There are 2 protein chains.
Amino acid sequence: MREFLKTKGYKMTPQRELVFRSFFELGEHVSVDELFDRVKRIDKAVGYSTVWRNLKLICEVGLAREVTVGDGVTRYDRVTRKPHGHFYCLNCKSLQEFDLNEIAGRLSKVATAEKFATESFKVEIEGVCQSCRDKENKKAKRTLSTSPKISRTKPSRQK
Amino acid sequence: MREFLKTKGYKMTPQRELVFRSFFELGEHVSVDELFDRVKRIDKAVGYSTVWRNLKLICEVGLAREVTVGDGVTRYDRVTRKPHGHFYCLNCKSLQEFDLNEIAGRLSKVATAEKFATESFKVEIEGVCQSCRDKENKKAKRTLSTSPKISRTKPSRQK
DNA sequence: TCACTAAATGAAAATCAATTTCAATAGCAA
DNA sequence: TTGCTATTGAAATTGATTTTCATTTAGTGA
Ligand SMILES: [Mn+2]
Ligand SMILES: [Mn+2]
Ligand SMILES: [Zn+2]
Ligand SMILES: [Zn+2]
(Lines give C-alpha, C1' and ligand atoms only; values in the text may rest on other atoms or scores of the structure.)
(Ligands and ions follow the chains in the order given, each with its own letter.)
Protein backbone atom coordinates (compact mmCIF):
# COMPACT_ATOMS: atom_id res chain seq x y z
CA MET A 1 0.00 0.00 0.00
CA ARG A 2 2.71 2.40 0.99
CA GLU A 3 4.56 1.52 -2.19
CA PHE A 4 1.44 1.79 -4.27
CA LEU A 5 0.84 5.31 -3.07
CA LYS A 6 4.45 6.29 -3.35
CA THR A 7 4.46 5.62 -7.06
CA LYS A 8 1.64 8.12 -7.38
CA GLY A 9 3.47 10.74 -5.38
CA TYR A 10 1.60 10.35 -2.13
CA LYS A 11 3.11 9.94 1.28
CA MET A 12 2.08 7.48 3.92
CA THR A 13 1.10 8.77 7.32
CA PRO A 14 -0.34 7.09 10.40
CA GLN A 15 -3.64 8.87 9.80
CA ARG A 16 -3.81 7.79 6.20
CA GLU A 17 -2.93 4.27 7.14
CA LEU A 18 -5.70 4.24 9.71
CA VAL A 19 -8.29 5.72 7.38
CA PHE A 20 -7.46 3.28 4.61
CA ARG A 21 -7.50 0.30 6.92
CA SER A 22 -10.74 1.33 8.56
CA PHE A 23 -12.39 1.86 5.22
CA PHE A 24 -11.50 -1.58 3.97
CA GLU A 25 -12.63 -3.11 7.23
CA LEU A 26 -16.01 -1.42 7.03
CA GLY A 27 -16.34 -2.42 3.44
CA GLU A 28 -19.47 -1.35 1.66
CA HIS A 29 -21.43 1.85 1.31
CA VAL A 30 -19.61 3.82 3.95
CA SER A 31 -20.37 7.47 4.54
CA VAL A 32 -17.77 9.97 5.67
CA ASP A 33 -19.44 10.21 9.07
CA GLU A 34 -19.46 6.47 9.56
CA LEU A 35 -15.82 6.19 8.66
CA PHE A 36 -14.96 9.19 10.79
CA ASP A 37 -16.66 7.59 13.80
CA ARG A 38 -14.80 4.38 13.24
CA VAL A 39 -11.46 6.12 12.90
CA LYS A 40 -12.05 8.26 15.96
CA ARG A 41 -12.58 5.19 18.10
CA ILE A 42 -8.99 4.23 17.44
CA ASP A 43 -7.41 7.67 17.30
CA LYS A 44 -9.58 10.55 18.40
CA ALA A 45 -7.05 13.11 17.25
CA VAL A 46 -7.71 12.47 13.58
CA GLY A 47 -9.64 15.27 11.98
CA TYR A 48 -12.77 15.02 9.92
CA SER A 49 -11.12 16.63 6.93
CA THR A 50 -8.34 14.10 7.02
CA VAL A 51 -10.85 11.30 6.82
CA TRP A 52 -12.72 13.08 4.04
CA ARG A 53 -9.58 13.76 2.05
CA ASN A 54 -8.33 10.23 2.33
CA LEU A 55 -11.67 8.83 1.31
CA LYS A 56 -11.41 11.00 -1.76
CA LEU A 57 -7.91 9.71 -2.28
CA ILE A 58 -9.09 6.14 -2.12
CA CYS A 59 -11.43 6.99 -4.97
CA GLU A 60 -8.69 8.88 -6.78
CA VAL A 61 -6.46 5.85 -6.93
CA GLY A 62 -9.33 3.69 -8.04
CA LEU A 63 -10.00 1.64 -4.93
CA ALA A 64 -13.48 3.00 -4.27
CA ARG A 65 -16.34 4.74 -5.99
CA GLU A 66 -18.86 7.25 -4.80
CA VAL A 67 -22.45 6.11 -4.55
CA THR A 68 -25.18 8.73 -4.37
CA VAL A 69 -28.68 7.48 -3.73
CA GLY A 70 -30.40 10.81 -3.48
CA ASP A 71 -30.71 11.03 0.28
CA GLY A 72 -28.05 13.70 0.39
CA VAL A 73 -25.32 11.54 1.85
CA THR A 74 -22.52 10.29 -0.36
CA ARG A 75 -21.41 6.76 0.34
CA TYR A 76 -18.19 5.12 -0.71
CA ASP A 77 -18.16 1.69 -2.18
CA ARG A 78 -15.11 -0.46 -2.37
CA VAL A 79 -14.25 -1.38 -5.94
CA THR A 80 -14.21 -5.14 -6.12
CA ARG A 81 -15.24 -7.90 -8.44
CA LYS A 82 -17.83 -7.29 -11.14
CA PRO A 83 -20.21 -4.36 -11.51
CA HIS A 84 -23.33 -4.38 -9.43
CA GLY A 85 -26.46 -2.34 -8.92
CA HIS A 86 -28.11 -1.29 -5.69
CA PHE A 87 -31.44 -1.85 -4.10
CA TYR A 88 -32.16 1.19 -2.00
CA CYS A 89 -34.80 0.74 0.67
CA LEU A 90 -36.76 3.95 1.05
CA ASN A 91 -37.82 2.85 4.50
CA CYS A 92 -34.67 1.74 6.29
CA LYS A 93 -32.20 3.41 3.92
CA SER A 94 -30.22 0.21 3.51
CA LEU A 95 -28.40 -0.77 0.35
CA GLN A 96 -28.28 -4.26 -1.07
CA GLU A 97 -26.30 -5.22 -4.09
CA PHE A 98 -27.35 -7.20 -7.09
CA ASP A 99 -25.43 -8.51 -10.03
CA LEU A 100 -25.31 -6.38 -13.12
CA ASN A 101 -23.47 -8.41 -15.73
CA GLU A 102 -26.50 -9.22 -17.81
CA ILE A 103 -27.90 -5.72 -17.63
CA ALA A 104 -24.52 -4.12 -18.14
CA GLY A 105 -24.25 -5.86 -21.46
CA ARG A 106 -27.47 -4.33 -22.64
CA LEU A 107 -26.53 -0.93 -21.36
CA SER A 108 -23.26 -1.11 -23.27
CA LYS A 109 -25.18 -1.78 -26.43
CA VAL A 110 -27.47 1.16 -25.84
CA ALA A 111 -24.50 3.41 -25.21
CA THR A 112 -22.74 2.25 -28.33
CA ALA A 113 -25.85 2.78 -30.41
CA GLU A 114 -26.03 6.35 -29.16
CA LYS A 115 -22.31 6.99 -29.70
CA PHE A 116 -21.78 7.54 -26.04
CA ALA A 117 -18.36 6.73 -24.58
CA THR A 118 -19.27 4.93 -21.39
CA GLU A 119 -17.27 5.47 -18.28
CA SER A 120 -19.54 3.72 -15.82
CA PHE A 121 -23.04 2.55 -15.08
CA LYS A 122 -25.26 3.40 -12.21
CA VAL A 123 -28.28 1.22 -11.67
CA GLU A 124 -30.53 1.61 -8.70
CA ILE A 125 -33.82 0.07 -7.70
CA GLU A 126 -35.76 2.06 -5.16
CA GLY A 127 -38.42 0.42 -3.07
CA VAL A 128 -39.00 -1.39 0.18
CA CYS A 129 -36.85 -4.29 1.27
CA GLN A 130 -38.21 -7.60 2.44
CA SER A 131 -37.25 -7.06 6.03
CA CYS A 132 -39.17 -3.79 6.18
CA ARG A 133 -42.20 -5.35 4.60
CA ASP A 134 -42.13 -8.24 7.04
CA LYS A 135 -42.13 -5.83 9.94
CA GLU A 136 -44.94 -3.94 8.32
CA ASN A 137 -47.01 -7.07 7.88
CA LYS A 138 -46.60 -8.03 11.51
CA LYS A 139 -47.76 -4.63 12.59
CA ALA A 140 -50.72 -4.80 10.23
CA LYS A 141 -51.85 -8.03 11.87
CA ARG A 142 -51.89 -6.42 15.28
CA THR A 143 -53.63 -3.25 14.12
CA LEU A 144 -56.40 -4.35 11.84
CA SER A 145 -58.50 -1.21 12.05
CA THR A 146 -56.03 1.42 10.90
CA SER A 147 -53.52 1.07 8.11
CA PRO A 148 -50.25 2.63 9.22
CA LYS A 149 -48.56 2.49 5.85
CA ILE A 150 -44.86 2.59 5.52
CA SER A 151 -43.77 6.13 4.83
CA ARG A 152 -42.19 6.25 1.44
CA THR A 153 -41.57 9.95 1.68
CA LYS A 154 -38.25 11.06 0.40
CA PRO A 155 -35.99 11.65 3.37
CA SER A 156 -35.21 15.20 4.27
CA ARG A 157 -31.60 16.22 4.27
CA GLN A 158 -31.79 17.05 7.95
CA LYS A 159 -30.98 14.60 10.67
CA MET B 1 -55.13 22.21 -13.55
CA ARG B 2 -56.86 24.41 -11.02
CA GLU B 3 -59.51 21.73 -10.57
CA PHE B 4 -56.92 19.00 -10.37
CA LEU B 5 -55.16 20.76 -7.53
CA LYS B 6 -58.37 21.70 -5.81
CA THR B 7 -59.35 18.08 -5.38
CA LYS B 8 -56.09 17.58 -3.52
CA GLY B 9 -56.70 20.53 -1.24
CA TYR B 10 -54.38 22.98 -2.91
CA LYS B 11 -55.21 26.51 -3.96
CA MET B 12 -54.35 28.14 -7.21
CA THR B 13 -52.37 31.35 -7.17
CA PRO B 14 -50.78 33.46 -9.89
CA GLN B 15 -47.33 32.40 -8.72
CA ARG B 16 -48.22 28.75 -8.75
CA GLU B 17 -49.76 29.07 -12.14
CA LEU B 18 -46.63 30.71 -13.46
CA VAL B 19 -44.28 28.14 -11.94
CA PHE B 20 -46.27 25.23 -13.28
CA ARG B 21 -46.53 26.71 -16.73
CA SER B 22 -42.86 27.61 -16.88
CA PHE B 23 -41.87 24.15 -15.77
CA PHE B 24 -43.86 22.45 -18.47
CA GLU B 25 -42.53 24.83 -21.05
CA LEU B 26 -38.94 24.13 -20.10
CA GLY B 27 -39.63 20.44 -20.10
CA GLU B 28 -36.78 18.17 -19.17
CA HIS B 29 -34.16 18.04 -16.46
CA VAL B 30 -34.80 21.44 -15.01
CA SER B 31 -33.01 22.62 -11.89
CA VAL B 32 -34.59 24.96 -9.35
CA ASP B 33 -32.22 27.71 -10.40
CA GLU B 34 -33.08 27.34 -14.05
CA LEU B 35 -36.77 27.42 -13.35
CA PHE B 36 -36.36 30.34 -10.99
CA ASP B 37 -34.55 32.33 -13.66
CA ARG B 38 -37.25 31.58 -16.14
CA VAL B 39 -40.02 32.56 -13.76
CA LYS B 40 -38.27 35.74 -12.73
CA ARG B 41 -38.11 36.89 -16.32
CA ILE B 42 -41.89 37.04 -16.33
CA ASP B 43 -42.50 38.11 -12.76
CA LYS B 44 -39.48 39.18 -10.80
CA ALA B 45 -41.43 39.40 -7.57
CA VAL B 46 -41.74 35.63 -7.26
CA GLY B 47 -39.52 34.24 -4.55
CA TYR B 48 -37.07 31.39 -4.82
CA SER B 49 -38.83 29.41 -2.13
CA THR B 50 -42.09 29.69 -3.99
CA VAL B 51 -40.50 28.18 -7.06
CA TRP B 52 -38.88 25.50 -4.96
CA ARG B 53 -42.07 24.64 -3.13
CA ASN B 54 -44.10 24.44 -6.29
CA LEU B 55 -41.53 22.26 -7.98
CA LYS B 56 -41.86 19.95 -5.02
CA LEU B 57 -45.60 20.13 -5.39
CA ILE B 58 -45.39 19.15 -9.03
CA CYS B 59 -43.56 16.03 -7.88
CA GLU B 60 -46.02 15.52 -5.04
CA VAL B 61 -48.96 15.30 -7.40
CA GLY B 62 -47.05 12.98 -9.69
CA LEU B 63 -46.29 15.25 -12.62
CA ALA B 64 -42.52 15.25 -12.23
CA ARG B 65 -39.72 13.25 -10.67
CA GLU B 66 -36.44 14.24 -9.16
CA VAL B 67 -33.30 13.26 -11.00
CA THR B 68 -30.00 13.28 -9.16
CA VAL B 69 -26.90 12.66 -11.20
CA GLY B 70 -24.34 13.18 -8.49
CA ASP B 71 -23.20 16.66 -9.42
CA GLY B 72 -24.98 18.06 -6.39
CA VAL B 73 -27.84 19.69 -8.27
CA THR B 74 -31.26 18.09 -8.29
CA ARG B 75 -33.10 18.26 -11.57
CA TYR B 76 -36.77 17.77 -12.18
CA ASP B 77 -38.01 15.61 -14.97
CA ARG B 78 -41.49 15.77 -16.35
CA VAL B 79 -43.28 12.46 -15.99
CA THR B 80 -44.31 11.39 -19.43
CA ARG B 81 -44.65 8.23 -21.49
CA LYS B 82 -42.52 5.20 -20.69
CA PRO B 83 -39.59 4.92 -18.29
CA HIS B 84 -36.21 6.02 -19.54
CA GLY B 85 -32.62 6.12 -18.40
CA HIS B 86 -30.13 8.95 -18.67
CA PHE B 87 -26.80 9.42 -20.34
CA TYR B 88 -24.88 11.90 -18.26
CA CYS B 89 -21.98 13.56 -19.99
CA LEU B 90 -19.20 14.12 -17.50
CA ASN B 91 -17.77 16.80 -19.75
CA CYS B 92 -20.66 19.07 -20.67
CA LYS B 93 -23.05 17.90 -17.92
CA SER B 94 -25.84 17.33 -20.40
CA LEU B 95 -28.46 14.63 -20.04
CA GLN B 96 -29.80 12.52 -22.85
CA GLU B 97 -32.54 10.00 -22.46
CA PHE B 98 -32.69 6.45 -23.65
CA ASP B 99 -35.44 3.92 -23.63
CA LEU B 100 -35.63 1.55 -20.72
CA ASN B 101 -38.41 -0.86 -21.50
CA GLU B 102 -36.19 -3.84 -22.20
CA ILE B 103 -33.93 -3.21 -19.26
CA ALA B 104 -36.81 -2.38 -16.95
CA GLY B 105 -38.18 -5.85 -17.50
CA ARG B 106 -34.96 -7.44 -16.36
CA LEU B 107 -34.70 -5.17 -13.39
CA SER B 108 -38.20 -6.12 -12.33
CA LYS B 109 -37.19 -9.76 -12.42
CA VAL B 110 -34.13 -9.12 -10.32
CA ALA B 111 -36.20 -7.18 -7.81
CA THR B 112 -38.80 -9.92 -7.59
CA ALA B 113 -36.14 -12.55 -7.15
CA GLU B 114 -34.75 -10.61 -4.22
CA LYS B 115 -38.17 -9.97 -2.68
CA PHE B 116 -37.81 -6.29 -3.15
CA ALA B 117 -40.96 -4.18 -3.62
CA THR B 118 -39.95 -1.88 -6.41
CA GLU B 119 -41.06 1.69 -6.42
CA SER B 120 -38.91 2.98 -9.24
CA PHE B 121 -35.77 2.44 -11.28
CA LYS B 122 -32.88 4.75 -11.82
CA VAL B 123 -30.52 3.91 -14.62
CA GLU B 124 -27.70 6.17 -15.59
CA ILE B 125 -24.80 5.84 -17.99
CA GLU B 126 -21.92 8.16 -17.25
CA GLY B 127 -19.42 9.01 -19.91
CA VAL B 128 -18.69 11.47 -22.67
CA CYS B 129 -21.24 12.37 -25.28
CA GLN B 130 -20.59 12.32 -28.99
CA SER B 131 -20.62 16.06 -29.36
CA CYS B 132 -17.93 16.42 -26.72
CA ARG B 133 -15.81 13.76 -28.32
CA ASP B 134 -16.11 15.38 -31.71
CA LYS B 135 -14.86 18.65 -30.32
CA GLU B 136 -12.05 16.81 -28.64
CA ASN B 137 -11.01 15.09 -31.83
CA LYS B 138 -10.87 18.37 -33.71
CA LYS B 139 -8.67 19.83 -31.06
CA ALA B 140 -6.43 16.78 -31.15
CA LYS B 141 -5.85 17.25 -34.86
CA ARG B 142 -4.67 20.79 -34.35
CA THR B 143 -2.44 19.97 -31.40
CA LEU B 144 -0.62 16.82 -32.32
CA SER B 145 2.23 17.16 -29.87
CA THR B 146 0.38 17.37 -26.58
CA SER B 147 -2.69 15.39 -25.59
CA PRO B 148 -5.14 17.68 -23.81
CA LYS B 149 -7.49 14.99 -22.64
CA ILE B 150 -11.03 15.75 -21.68
CA SER B 151 -11.23 16.29 -17.97
CA ARG B 152 -13.36 13.57 -16.49
CA THR B 153 -12.94 14.91 -13.02
CA LYS B 154 -16.07 14.86 -10.93
CA PRO B 155 -17.37 18.39 -10.74
CA SER B 156 -16.99 20.25 -7.50
CA ARG B 157 -20.13 21.46 -5.78
CA GLN B 158 -18.95 25.05 -6.08
CA LYS B 159 -19.81 27.33 -8.94
C1' DT C 1 22.23 11.54 10.85
C1' DC C 2 20.40 16.04 9.39
C1' DA C 3 18.17 19.36 6.89
C1' DC C 4 15.09 20.45 3.30
C1' DT C 5 10.79 20.52 0.70
C1' DA C 6 6.48 19.17 -0.67
C1' DA C 7 2.67 16.77 1.13
C1' DA C 8 -0.39 16.08 4.87
C1' DT C 9 -2.90 17.39 8.92
C1' DG C 10 -6.59 19.53 12.06
C1' DA C 11 -9.44 23.26 13.23
C1' DA C 12 -12.13 26.51 11.66
C1' DA C 13 -14.34 28.88 8.15
C1' DA C 14 -16.62 28.97 3.78
C1' DT C 15 -19.71 27.18 0.38
C1' DC C 16 -23.80 25.67 -1.48
C1' DA C 17 -28.03 23.49 -2.35
C1' DA C 18 -31.90 22.43 0.16
C1' DT C 19 -35.22 23.42 3.62
C1' DT C 20 -37.58 25.90 7.34
C1' DT C 21 -39.37 29.85 9.78
C1' DC C 22 -42.43 33.52 10.23
C1' DA C 23 -45.13 37.48 9.51
C1' DA C 24 -47.93 39.20 5.91
C1' DT C 25 -51.08 38.17 2.09
C1' DA C 26 -54.61 36.14 -0.59
C1' DG C 27 -57.79 32.02 -2.17
C1' DC C 28 -62.03 30.31 -1.65
C1' DA C 29 -66.04 28.23 0.73
C1' DA C 30 -69.87 29.59 3.27
C1' DT D 1 -68.26 40.04 3.00
C1' DT D 2 -66.15 37.09 6.47
C1' DG D 3 -63.19 33.76 8.33
C1' DC D 4 -60.11 30.23 7.90
C1' DT D 5 -56.34 28.22 5.82
C1' DA D 6 -53.01 27.82 2.32
C1' DT D 7 -49.54 30.44 0.17
C1' DT D 8 -46.02 33.67 -0.34
C1' DG D 9 -41.29 36.09 0.01
C1' DA D 10 -37.42 37.21 2.65
C1' DA D 11 -34.37 35.77 5.62
C1' DA D 12 -32.44 32.43 8.48
C1' DT D 13 -31.10 27.67 9.14
C1' DT D 14 -29.50 23.20 8.09
C1' DG D 15 -26.30 19.70 6.93
C1' DA D 16 -23.09 17.90 3.87
C1' DT D 17 -19.15 19.05 1.55
C1' DT D 18 -15.05 21.59 0.49
C1' DT D 19 -11.45 25.04 1.27
C1' DT D 20 -8.22 27.77 3.90
C1' DC D 21 -4.30 28.28 6.54
C1' DA D 22 -0.92 27.75 9.99
C1' DT D 23 1.64 23.92 11.56
C1' DT D 24 3.57 19.38 11.37
C1' DT D 25 5.64 15.49 9.15
C1' DA D 26 7.27 11.99 5.61
C1' DG D 27 10.49 10.95 2.52
C1' DT D 28 14.62 12.41 0.04
C1' DG D 29 19.36 12.80 -0.47
C1' DA D 30 23.71 15.16 1.19
MN1 LIG E 1 -22.27 -1.46 -3.70
MN1 LIG F 1 -35.27 12.35 -18.28
ZN1 LIG G 1 -35.80 -1.66 4.48
ZN1 LIG H 1 -20.90 16.27 -23.54
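Residues numbered from 1 in each chain as written. Chains lettered and ligands numbered in written order. Predicted model: local features only at pLDDT ≥ 70, side-chain atom pairs only at ≥ 80, totals over all residues. Heavy atoms only, no water.

Asks: I'm lost on the relation of the copies chain A and chain B in this one. Help?
Replies: The two chain copies are connected by a rotation around an axis plus a translation along it. Each copy superposes on the other: chain A lies on chain B with an RMSD of 0.1 Å after a rotation of 180 degrees and an axial shift of 0.0 Å. Look at the turn and shift together and you get a two-fold axis relating the two. Among all C-alpha atoms of chain A, that of A:V123 lies closest to the rotation axis, at 2.3 Å. Of the interface residues in chain A, 100% have counterparts in chain B that sit at the interface too, so the contact is made through matching surfaces. (Least-squares fit on C-alpha atoms with pLDDT ≥ 70 in both. Contact = heavy atoms within 4.5 Å.)

Asks: Explain the domain arrangement of chain A to me, please; I cannot follow it from the model alone.
Replies: By a widely used convention, the size of an interface equals the accessible area lost when the partners come together. Residues and elements named next belong to chain A. Domain parsing of chain A yields domain 1 (1–79) and domain 2 (80–145). Taken over C-alpha atoms, the centre of domain 1 sits 24 Å from the centre of domain 2. The interface of domain 1 with domain 2 comprises eleven residues on the first partner and 13 residues on the second. Note on domain 1 versus domain 2: buried area summed over both sides is about 970 Å², and carbon and sulfur give 45% of it. When the buried area of domain 1 at its contact with domain 2 is split by residue, H29, R65 and V69 rank highest and sum to 43% of it. Here domain 1 and domain 2 share zero salt bridges between them. Counted by class, the side of domain 1 that touches domain 2 contains three nonpolar, two polar and six charged residues. (Domains from an automatic or database assignment. Buried area = accessible area lost by both parts, 1.4 Å probe. Salt bridge = Lys/Arg side-chain N within 4 Å of Asp/Glu carboxyl O. Nonpolar A, V, L, I, M, F, W, Y, C, P; charged D, E, K, R; others polar.)

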